[in-house]
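Examining the three-dimensional arrangement
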Amino acid sequence: SLVCYPLDSVKRRLMIDGVVLGKGKYGGSIFRCVSTIAHREGVGALYRGCILNALKSAPTFALTATMNDGLRHALGCARR
């Protein structure tokens, strides 16, 4: 999550930028987008919202794991 989140941030910014023939704020370039964000807003801007995303994912994972274990137990499937 910590490795992929900055890439999601860059993807989001490029999508919002709406580049038409390279004339957007970031010129349609991933490298230009990363360097612009890091220079203007700091490297932390690439991780803005990461903690909220992790907090949102934890209950989902817990529910999925619980349901998986419950179904395995109900169906009598043994773990390997």
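Reading guide: rules and limits
- Residues numbered from 1 in each chain as written.
- Predicted model: local features only at pLDDT ≥ 70, side-chain atom pairs only at ≥ 80, totals over all residues.
- Heavy atoms only, no water.
- Helix = DSSP H or I, 4+ residues; strand = E, 2+ residues; numbered from the N terminus.
- Expected span 1.5 Å × (residues − 1).
- Buried < 20%, exposed > 50% of the residue type's maximum accessible area, 1.4 Å probe, protein only.
- Arc of directions from axis to C-beta.
- Contact = heavy atoms within 4.5 Å.
- Polar contact = N/O pair within 3.5 Å; in protein donor to acceptor, adjacent residues only side chain to side chain.
- Salt bridge = Lys/Arg side-chain N within 4 Å of Asp/Glu carboxyl O.

The next subject is helix H2 (residues 30-41). Between its terminal C-alpha atoms H2 stretches 16 Å, which fits the 16 Å expected from 12 residues at 1.5 Å a residue. Within H2, burial applies to Cys33, Thr36 and Ile37. All buried residues of H2 project into a common sector of 95° when viewed along the axis, lining one side. Facing away from the buried surface of H2 by more than 90 degrees, the exposed residues are Phe31 and His39. Contacts from the buried residues of H2 go to helix H1 (5-17). By the N-cap criterion, in which a side-chain oxygen at the helix start approaches the backbone nitrogen of a residue two or three places on, H2 is capped by serine 29, the distance to phenylalanine 31 being 3.4 Å. Just downstream of H2 lies glycine 42, where phi reads positive at about 95°.

What follows covers the pattern of salt bridges. In the structure shown here, the tally under the stated rule is two salt bridges. Across the pair glutamate 41 and arginine 13 runs a salt bridge, and its minimum N-O distance is 2.9 Å. Note that glutamate 41 is positioned in helix H2 and arginine 13 in helix H1, a separation of 28 residues in sequence. One salt bridge in this structure joins arginine 48 and glutamate 41, with 3.4 Å as the shortest N-O distance.

Any functional reading would require information beyond the geometric quantities listed.
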